[in-house]
Amino acid sequence: MAQAGVKHDYHLVNPSPWPLLASLGATIMAVGLVTWWKGLFGLPAGTWWLFAAGFVLIMLVATAWWIDVTKEANAGDHTPVVSIGLRYGMILFIASEVMFFVAWFWIFFEMALFHEHRTLSSIEEVRQAWATWPPAGIETVPAWNLPLVNTLTLLLSGTTVTWAHHALQQGDRKGAKLALILTVILGAIFSLIQAYEYHHILSHEYFFSENAMNSGLYGSSFFMATGFHGFHVLVGTIFLLVCLMRLMRGGFTPEKHFGFEAAAWYWHFVDVVWLFLFAFIYVVFGGAGGH
């Protein structure tokens, strides 16, 4: 008599409410953001609680969903074939993130290398602003101050996360914990330094002063690139913190630790993107400005 059940290398997940609830949370968060900024459905601009509700729902769903995935891994559902699929998924996710930054660099290089084309504008102030790079009135951020410190911070964190990975592979859990703690601390330091840098830029009106009012595209692109990267650093820090908590509770083995491996991949991606941002925004195209 044939044995009951289908035998194969794939994991067919049980029915789960998390995809539907995640979509609901994302919708509430998006609508809440529009309401917060512009007002919607009779709610005035500045109404933030709808966005907060969507964000909280997303966080709760993510926590519950990842707990389920961890349970599946511990139950042996992540066969070698499933593990390959998880790796492909993470690689494709990082590739999609790379494409976002490629798109941003595309417009930044267009502005930096071909800014003189904007001098064809019929508006005299715009022609004057874009006659030079950086545009007239822009005061750039010195590359060799806080940006250099943050670069060294991320490079050091890339070293510590690699240390943690190798320690875990060798069964050195104490070393892995120490290295992971250092990585999380360095990620937090990066975010704090960037927050201070933003405060300094805004309080001194580097990009949005009256003199730079016709070249605001520079400031917008700066905050879009460095801010989105800063968000990635925050997400990566949380990712690694969760891995640290799992490690502290006895999770991960030298043979099975893809959750941490994925976090390490993501962190190295964040490191590489920052090197490009530092090199081109702050150094190569971060001239003295027109102030």
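First, a word on what this report is: a plain description of the structure on this page. Owing to the predicted nature of the structure, the values given are computational and were not obtained by experimental measurement. (Residues numbered from 1 in each chain as written. Predicted model: local features only at pLDDT ≥ 70, side-chain atom pairs only at ≥ 80, totals over all residues. Heavy atoms only, no water.)

## Quick word on the overall build of the protein chain
Going by this rule: Secondary structure elements follow DSSP: runs of H or I of four or more residues count as helices, runs of E of two or more count as strands, with numbering from the N terminus. In this scheme, a residue with accessible area under 20% of its type's maximum is buried, one over 50% is exposed, and one in between is partly exposed, where area comes from a 1.4 Å probe on protein chains only. By definition in these notes, contact holds between two residues if any of their heavy atoms fall within 4.5 Å.
Looking only at helices and strands, one finds eight helices and zero strands in the protein chain. Helices and strands in the protein chain line up, N terminus first, as α-α-α-α-α-α-α-α. Oriented by its inertia axes, the alpha-carbon framework of the protein chain measures out at about 85 × 50 × 30 Å. Residues counted as buried form 37% of the 291 residues belonging to the protein chain. When contacts within the protein chain are restricted to residue pairs at least 6 apart in sequence, those whose partners lie at least 24 apart make up 73%.

## Description of the environment of glutamine 194
With respect to the element layout, glutamine 194 can be found in helix H6 (residues 173-204). For glutamine 194, the residues in contact, after removing those within four places along its chain, are Asn150, Thr226, Gly230 and Trp274.

## Some thoughts on H6
Threshold: Here the expected length of a helix is defined as 1.5 Å per residue gap, with one fewer gap than residues.
Taking 1.5 Å per residue as the helical rise, H6 with its 32 residues ought to reach 46 Å, and the 47 Å between its terminal C-alpha atoms agrees with that figure. Looking one or two residues past H6, glutamate 205 carries a phi angle of roughly 55 degrees, positive in sign.

## Considering the packing of helix H3 (residues 80-113) against helix H8 (residues 258-284)
Angle between the axes and distance between the axes are the two parameters that describe a pair of packed helices. Stated precisely, the cut-off is as follows: Helix axes use the C-alpha atoms of the stretch in contact, all axes being lines fitted to C-alpha atoms, and the angles between their N-to-C directions lie in the range 0 to 180 degrees. Geometric relationships in this document are graded by angle, where less than 35 degrees denotes roughly parallel, more than 145 denotes roughly antiparallel, 65 to 115 denotes roughly perpendicular, and other angles denote oblique.
Where H3 contacts H8, the axes come no closer than 11 Å and their chain directions differ by 10 degrees. Relative to H8, the element H3 lies roughly parallel.

## Structural notes on the pattern of salt bridges
How we decide: Each reported salt bridge corresponds to a side-chain nitrogen of Lys or Arg within 4 Å of a carboxyl oxygen of Asp or Glu.
Overall, the coordinates contain one salt bridge when judged by the stated rule. One salt bridge in this structure joins arginine 87 and glutamate 261, with 2.9 Å as the shortest N-O distance. Remark: glutamate 261 occurs in helix H8 and arginine 87 occurs in helix H3; sequence separation between them is 174 residues. Take arginine 87: its relative accessible area is 27%, and that puts it in the partly exposed class.

## Side note on the nonpolar core
So the rule is basically this: Here, nonpolar core refers to any group of buried Ala, Val, Leu, Ile, Met, Phe, Trp, Tyr and Cys residues whose side-chain atoms link them within 4.5 Å.
Counting residues in hydrophobic clusters, the biggest one holds 55 residues, and the most contacted among them are Phe207, Phe222 and Phe260. Breaking this core down by element, the ones donating at least two residues are H3, helix H4 (124-129), helix H5 (146-169), H6, helix H7 (216-248) and H8. The biggest single contributor to this core is H8, with 15 residues.

## Section: the packing of aromatic side chains
We apply this condition: Under the pairing criterion, centres of Phe, Tyr and Trp rings, with the six-membered ring standing for Trp, must be within 6.5 Å; the plane angle then separates stacked pairs below 30 degrees from edge-to-face pairs above 60, leaving the rest tilted.
Counted by the stated rule, this structure contains 28 aromatic pairs. Plain terms: the ring middles of tryptophan 144 and phenylalanine 278 are 5.7 Å apart, the flat faces sit at 80 degrees to each other, and that makes the pair edge-to-face. Residue tryptophan 144 is located in the loop between H4 and H5, and its partner phenylalanine 278 is located in helix H8; the two are separated by 134 residues in the primary sequence. Among the residues examined, tryptophan 144 registers a relative accessible area of 56% and is labelled exposed. Judged by its relative accessible area of 9%, phenylalanine 278 is buried. Taken together, Phe93, Phe100, Phe101, Phe228, Phe231, Phe239, Tyr266 and Phe269 form an aromatic cluster joined through their ring pairs.

## Considerations on the packing of helix H1 (residues 18-38) against helix H2 (residues 49-74)
Stated formally: Each crossing is labelled by how the near helix is turned from the far one, with a counterclockwise turn of less than a right angle marking it left-handed and a clockwise turn marking it right-handed. Gly counts as polar in this scheme, as do all residues outside two lists: the nonpolar Ala, Val, Leu, Ile, Met, Phe, Trp, Tyr, Cys and Pro, and the charged Asp, Glu, Lys and Arg.
Two elements in contact, H1 and H2, have axes separated by 7 Å at closest approach and are oriented at 155 degrees. On the basis of the axis angle, H1 is roughly antiparallel to H2. For the crossing formed where H1 meets H2, the hand is left-handed. By residue class, the composition of the contact of H1 with H2 is 19 nonpolar, four polar and one charged.

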